[in-house]
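Letter by letter, the chains look like this.
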Amino acid sequence: MTVRMLTRYHLELLLRSQRWLPPGLVYLVLMGLGVSGGDDALSAAAFSAGLLVPVTGWLVRAAVTAEPAQSRACLVAAAGWRRVHLSALAAAALAGLALGVAGLAGVLLVGSGGGGGAVAAGLPATVVCVLTGAAVGAVCNRPVVAGAQYAVPLGLGAMVLVLLLPGSPANAVVRALVLGSRHGATAVPWWTLPGAALLAGAAGWAAVAVAVRRGE
């Protein structure tokens, strides 16, 4: 089995098990409460992007815990731990990206000033925050952290940290959108996308390495 086939399987599992619903509904409800018609598009895009960090981390948890142990064992026998866990992480990131793109499209439609500049800034910010949330979810859930009593508070703390810590890609893009809404500049720092990709790649590699070592 290829990673592409396994990723499609994990996406279908997320949909069929309805484990995407809690994070998806939380995102939609908070977007509905926090964004209204006529709001500045860049400010609303910043709100949407920031929400995607915890939402994508939640989706990662949903993806890596959705599969029954017997089914996971069969997949591992056919494809190996590395591909199975990597595909679950990829499925969660794709689900978060789908939510983020839909949310961004919504705020650009209902917000003011939703032109090409807002799209050019909002889309990379969405991708950066999805990658950051996936990175946090990868290292704060199974197999790196076992047990919800540890994984959930650790993940929440890490998500708050990456949103507030200066130098974090997620913090940088959200700040750039907020400042752009005030001063009319829409540029997102160039380094944030490769930085978030590097962060997600390193976190995914670490999680896959632990999965292989522990057989989880």
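For the structure, see preceding data.
Because the structure is predicted, anything quoted here is derived from the model rather than measured.

Draft legend 1. Molecular detail of the pattern of salt bridges. Enumeration over the complete set of coordinates arrives at two salt bridges. For Glu12, the salt bridge is made with Arg16, and the minimal N-O distance between the two is 3.9 Å. Of this pair, Glu12 and Arg16 both sit in helix α1 (residues 3–17), separated by four residues, roughly a single helical turn. For Glu12, a relative accessible area of 37% puts it in the partly exposed group. Residue Arg16 is classed as exposed on the basis of its relative accessible area of 56%. Notably, a salt bridge pairs Glu67 with Arg72, separated by 3.9 Å at the nearest N-O pair. Like Glu67, the residue Arg72 is buried in the burial classification.

Draft legend 2. Looking closely at helix α8 (residues 169–183). For α8, spanning 15 residues, the distance from its first C-alpha to its last is 21 Å, which sits close to the expected 21 Å at 1.5 Å a residue. Considered for burial, the residues of α8 that qualify are Pro169, Ala170, Asn171, Ala172, Val173, Val174, Ala176, Leu177 and Gly180.

Draft legend 3. Structural detail: the packing of helix α5 (residues 81–110) against helix α6 (residues 116–139). For the pair α5 and α6, interaxial distance at closest approach is 9 Å and the crossing angle is 150 degrees. With respect to α6, the element α5 is oriented roughly antiparallel. Helix-helix and strand crossings are classified by hand; for α5 and α6 the assignment is right-handed. Note on element contacts: α6 touches α5 through Ala118, Val119, Gly122, Leu123, Thr126, Val127, Val130, Ala134 and Ala138, opposite Leu89, Ala93, Gly96, Leu97, Gly100, Val101, Leu104 and Leu108. Considered class by class, the residues forming the contact of α5 with α6 number 13 nonpolar, four polar and no charged.

Draft legend 4. View of the nonpolar core. Counting 51 residues, the largest nonpolar core has Tyr27, Val107, Cys129, Val173 and Leu177 as the members making the most contacts within it. With 15 residues, the single largest contributor to this core is helix α3 (residues 41–64). Aside from chain neighbours lying at most four places away, what touches Leu177 is Leu42, Ala45, Ala46, Ala121, Gly122, Ala125 and Val188. If you look at the next biggest cluster of nonpolar residues, it comprises five residues, including Leu6, Leu75, Ala79 and Val84.

Draft legend 5. Fine view of the packing of helix α2 (residues 21–34) against α5. In contact at an axis separation of 11 Å, α2 and α5 are set at 15 degrees when each is read in the N-to-C sense. Comparing their axes, α5 and α2 come out roughly parallel. Between α2 and α5 lies a crossing of right-handed hand. On α5, the residues that touch Gly24, Tyr27 and Met31 of α2 are Leu99, Gly100, Gly103, Leu104 and Val107. A breakdown of the residues in the contact of α2 with α5 according to their chemical character gives five nonpolar, three polar and no charged.

Draft legend 6. Representation of the side chain of Asn141. Note that Asn141 resides in the loop between α6 and α7 (148–164). Residue classification places Asn141 among the buried residues on the basis of a relative accessible area of 4%. Of note is the side chain of Asn141, whose polar atom sits 2.9 Å from the side chain of Arg61. When neighbours within four sequence positions are excluded, Asn141 is seen to be in contact with Gly57, Val60, Arg61, Val64 and Ala151.

Reading guide: rules and limits
Residues numbered from 1 in each chain as written. Predicted model: local features only at pLDDT ≥ 70, side-chain atom pairs only at ≥ 80, totals over all residues. Heavy atoms only, no water. Salt bridge = Lys/Arg side-chain N within 4 Å of Asp/Glu carboxyl O. Helix = DSSP H or I, 4+ residues; strand = E, 2+ residues; numbered from the N terminus. Buried < 20%, exposed > 50% of the residue type's maximum accessible area, 1.4 Å probe, protein only. Expected span 1.5 Å × (residues − 1). Axes fitted to C-alpha atoms, helices over the stretch in contact; angles between N-to-C directions. Parallel < 35°, antiparallel > 145°, perpendicular 65-115°, else oblique. Left-handed = near helix turned anticlockwise from the far one by under 90°. Contact = heavy atoms within 4.5 Å. Nonpolar A, V, L, I, M, F, W, Y, C, P; charged D, E, K, R; others polar. Core = buried A, V, L, I, M, F, W, Y, C linked by side-chain atoms within 4.5 Å. Polar contact = N/O pair within 3.5 Å; in protein donor to acceptor, adjacent residues only side chain to side chain.

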